[in-house]
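Observations on the model geometry
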Amino acid sequence: MGFRLPGIRRSSLSVSQASSCKAVEVPRGYLAVYVGEKMKRFLIPVSFLNEPLFQELLSQAEEEFGYSHPMGGLTIPCGEDVFLDITSRLNSL
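Thresholds, definitions, all that
Residues numbered from 1 in each chain as written. Predicted model: local features only at pLDDT ≥ 70, side-chain atom pairs only at ≥ 80, totals over all residues. Heavy atoms only, no water. UniProt positions renumbered as here; feature names shortened; annotations may be inferred. Phe/Tyr/Trp six-rings, centres within 6.5 Å; stacked < 30°, edge-to-face > 60°. Helix = DSSP H or I, 4+ residues; strand = E, 2+ residues; numbered from the N terminus. Buried < 20%, exposed > 50% of the residue type's maximum accessible area, 1.4 Å probe, protein only. Core = buried A, V, L, I, M, F, W, Y, C linked by side-chain atoms within 4.5 Å. Contact = heavy atoms within 4.5 Å.

Per UniProt, the protein chain carries the Sequence similarities (unreviewed entry) text "Belongs to the ARG7 family."

Take a look at the structure:
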C-alpha cells in the first residue's frame, strides 16, 4: 500500500531492468529521473523543469554528475524522502 502523488509516477522497472531495455517507455510530457541510494526511477511532468525549487535540484545534479546520464534519465543527488517532499510541494502549486 502507501500513497500516490498525482504529479509523479513510480516506474515499475528497476534500474537494472531499465538499463538492460533498449527502449524504456516514458509517457509524453514526462521525464525519467533516478533518485536516492537505490536509484529509484520516477517519472515527473516536464512542467517541473520550470519551477525554481526543481531547478535547484537540476543545478545540484549538474554539479555532481555533469550532463552524462548513462541510464537514459536524469540522476538527482538527493534522498528519496527529500525528492518526494519537493515534488509534493510542486504538485500543490
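Now that the structure is up, let's keep going.
1. Topic: the packing of aromatic side chains
According to the stated counting rule, one finds 2 aromatic pairs in the structure shown. Look at F42 and F83: their rings are 5.2 Å apart centre to centre, the planes differ by 45°, and that puts the pair in the tilted class. Pair noted here: F42 is in strand β3 (residues 40–45) and F83 is in helix α3 (residues 80–91), with a separation of 41 residues, a long-range link. Since its relative accessible area comes to 3%, F42 is described here as buried. When the centroid spacing of 6.1 Å and the interplanar angle of 50° are considered together, the rings of F48 and F54 count as tilted. Look at F54 and you get buried, because its relative accessible area is 0%.

2. Focus on the nonpolar core
Counting 13 residues, the largest nonpolar core has V33, V35, F54, L57, I76 and F83 as the members making the most contacts within it. For this core, the secondary structure elements donating two or more residues are β2 (30–35), β3, α2 (52–65), β4 (74–76) and α3. Counting residues per element, this core draws most heavily on α3, at 3 residues. Every residue in contact with F54, bar those within four places of it in the chain, is listed here: I44, F48, L49, I76, F83 and L90.

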